[in-house]
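Working through the structure, step by step
Chain residues, written in single-letter form:
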Amino acid sequence: MKAELLDILPEVTDRERAEGFSDQLENLLVEVGGIFPRADLRLRAARCIRGLLSPVSRKNG
């Protein structure tokens with residue numbers, strides 16, 4: 001049996017990971033933004049999505 005070599009990726013910090021998620025979220029909001037004809041509705045939808053993805057345990061609002 002031959003041992004496989006593992007490709008060790010460079011360590012990614014939590015901050016870099018969070019920034020990557022933030023960038024992906026912004027890209028998603030830009031793509032979905034065309035569904036909402038008015039700017040205030042786009043802003044409300046973006047806030048709602050950010051709230052659902054937040055670390056708060058209760059999301060009832």
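About the thresholds
Residues numbered from 1 in each chain as written. Predicted model: local features only at pLDDT ≥ 70, side-chain atom pairs only at ≥ 80, totals over all residues. Heavy atoms only, no water. Helix = DSSP H or I, 4+ residues; strand = E, 2+ residues; numbered from the N terminus. Buried < 20%, exposed > 50% of the residue type's maximum accessible area, 1.4 Å probe, protein only. Areas by Shrake-Rupley, 256 points an atom, 1.4 Å probe, with all protein chains shown as cover. Salt bridge = Lys/Arg side-chain N within 4 Å of Asp/Glu carboxyl O. Axes fitted to C-alpha atoms, helices over the stretch in contact; angles between N-to-C directions. Left-handed = near helix turned anticlockwise from the far one by under 90°. Contact = heavy atoms within 4.5 Å. Nonpolar A, V, L, I, M, F, W, Y, C, P; charged D, E, K, R; others polar.

What follows concerns the overall build of the protein. Helix and strand counts for the protein stand at two helices and zero strands. Buried residues in the protein amount to 8% of all 61 residues. Accessible area for the protein stands at about 6,100 Å²; split by element, carbon and sulfur atoms hold 58% of it.

Any two side chains of opposite charge can pair, given that their charged atoms come close. Evaluation of the coordinates by the stated rule reveals two salt bridges. E26 is the salt-bridge partner of R50, the closest N and O atoms lying 2.3 Å from each other. Here the residue R50 occupies a position in helix α2 (residues 39–53), and E26 occupies one in helix α1 (residues 14–32), the gap between them amounting to 24 residues. Residue R50 is classed as partly exposed on the basis of its relative accessible area of 36%. Looking at E26, the relative accessible area reads 34%, which means it is partly exposed. Notably, a salt bridge pairs R38 with D40, separated by 2.9 Å at the nearest N-O pair. Overall, R38 belongs to the partly exposed group, its relative accessible area being 47%.

Here α1 crosses α2 at 145°, and the two axes come no closer than 11 Å. The handedness of the crossing between α1 and α2 is right-handed. Contacts between α1 and α2 pair L25, E26 and L29 from the former with A46, I49, R50 and L53 from the latter. When the residues that make up the contact of α1 with α2 are grouped by side-chain class, the tally is five nonpolar, no polar and two charged.

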